[in-house]
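Examining the three-dimensional arrangement
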Amino acid sequence: AQKVTQAQTEISVVEKEDVTLDCVYETRDTTYYLFWYKQPPSGELVFLIRRNSFDEQNEISGRYSWNFQKSTSSFNFTITASQVVDSAVYFCALSEYEQAGTALIFGKGTTLSVSS
Amino acid sequence: SAVISQKPSRDICQRGTSLTIQCQVDSQVTMMFWYRQQPGQSLTLIATANQGSEATYESGFVIDKFPISRPNLTFSTLTVSNMSPEDSSIYLCSVAGRFYEQYFGPGTRLTVT
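First things first, this report covers the structure right here in the doc. All of these numbers come straight from a predicted model, not from anything done at the bench.

Conventions used here
Residues numbered from 1 in each chain as written. Chains lettered and ligands numbered in written order. Predicted model: local features only at pLDDT ≥ 70, side-chain atom pairs only at ≥ 80, totals over all residues. Heavy atoms only, no water. Salt bridge = Lys/Arg side-chain N within 4 Å of Asp/Glu carboxyl O. Helix = DSSP H or I, 4+ residues; strand = E, 2+ residues; numbered from the N terminus. Buried < 20%, exposed > 50% of the residue type's maximum accessible area, 1.4 Å probe, protein only. Contact = heavy atoms within 4.5 Å. Buried area = accessible area lost by both parts, 1.4 Å probe. Pairing = 2+ DSSP bridges. Axes fitted to C-alpha atoms, helices over the stretch in contact; angles between N-to-C directions. Lys, Arg positive; Asp, Glu negative; His and termini not counted. Polar contact = N/O pair within 3.5 Å; in protein donor to acceptor, adjacent residues only side chain to side chain.

What about the pattern of salt bridges?
Residue and element names in this part refer to chain A.
- Under the definition given, this model contains five salt bridges over all chains.
- Of the charged contacts, one joins D55 and R51 as a salt bridge, the two residues approaching to 3.4 Å between their closest N and O atoms.
- Here D86 makes a salt bridge to R63, at a shortest N to O gap of 2.8 Å. Here R63 lies in the loop between β7 (59-61) and β8 (64-69) and D86 lies in the loop between β9 (74-79) and β10 (88-96), a separation of 23 residues in the sequence.
- A residue is classified by how much of its surface remains accessible, and R63, at 25% relative accessible area, is partly exposed.
- When salt bridges that share partners are traced, they join R51, D55 and E59 into one network.

Remarks on the interface of chain B and chain A
- Tallying the contact residues gives 19 residues for chain B and 21 residues for chain A.
- Summed over both partners, the interface of chain B with chain A buries about 1600 Å², with 60% contributed by carbon and sulfur atoms.
- When residues of chain B are sorted by the area they lose upon contact with chain A, B:S42, B:Y100 and B:F104 head the list and together hold 33% of the total.
- Counting every contact that joins chain B to chain A gives one salt bridge.

Some points on the sheet that holds strand β3 (residues 19-25) of chain B
Residue and element names in this part refer to chain B.
- The sheet built from four strands is open, its strands ordered β1-β3-β8-β7 with antiparallel pairing. Looking at strand neighbours, the two that pair on one side only are β1 (4-7) and β7 (68-72), the edges of this open sheet. Neighbour-to-neighbour, the strand axes of this sheet turn through a mean angle of 15°, independent of strand direction.
- Bridge analysis of β1 against β3 gives four bridges, and the strand direction is antiparallel. Looking across to β3, one finds that I4 is bridged to V25.

Examining the side chain of A:K38
Residue and element names in this part refer to chain A.
- Here K38 shows up in strand β5 (residues 32-39).
- No salt bridge is formed by the buried K38. Its closest oppositely charged neighbour is D86, at 4.5 Å.
- A polar contact is formed between the side chain of K38 and the backbone oxygen of V85, at a distance of 3.1 Å.
- If we skip the residues at most four places from it in the chain, K38 touches E44, L45, V46, L48, Y64, V85, D86, A88, V89 and Y90.

Looking at unusual backbone geometry
- Cis geometry is found at the peptide bond from B:K7 to B:P8, where omega equals -10°.
- Assignment of secondary structure puts B:P8 in the loop between β1 and β2 (10-13).
- Backbone geometry at A:A81 places phi at a positive 50°, although glycine is not the residue there.
- Within the fold, A:A81 resides in the loop between β9 and β10.
- Of the residues examined, A:A81 reaches a relative accessible area of 30% and is grouped as partly exposed.
- At B:N82, a residue that is not glycine, the phi angle is positive and equals roughly 45°.
- When you line up the elements, B:N82 lands in the loop between β8 (75-80) and β9 (89-96).
- By relative accessible area, B:N82 is classed as exposed at 54%.

Structure follows, in structure tokens:
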């Protein structure tokens, strides 16, 4: 069965610190997609990144970077030089290829608090 | 990415009543999804709504409680029926993007008293 685990419930950092959010997934499929979403206090879910199972290249977008390792079934998210505006709940999610276009399976989320 | 709007953005309802939530997309999409996010929790899929067919409900959700309409390719409604305080949640609709990501509406914050 597919499952997404975000073991970190809450993380608190001070501005300018780097922080890594962990995501471990389980799936029986060889083709699947992984996602990260941000949910700021306003409540809207913001799509951050999508990765398919055949693309293990790490990605960097500004202060954000993602590390995908199939060997450990992990898709971790790092924020460099965190800012107060990064405070939000971050969700990791999984979609299997056979179910593509159907629902995402979400982890429980990690609440990140960045203080000034 | 699609632009999705939801109405109402929030509501406070009395137990035993029903609320219909509207979801409007700025482009035609085949599949729309309805999720529930209970306070402090993750998102749980309620149902998948395809235009022209009955919605497909996930385990634990039934049509009598959460009837869904999908009259065309840009619109859907979710009704929360016979509400109880346990239905207090954020309800979100979403659509699938080109590469299987999903884009979400702003959500409807429902409080049942």
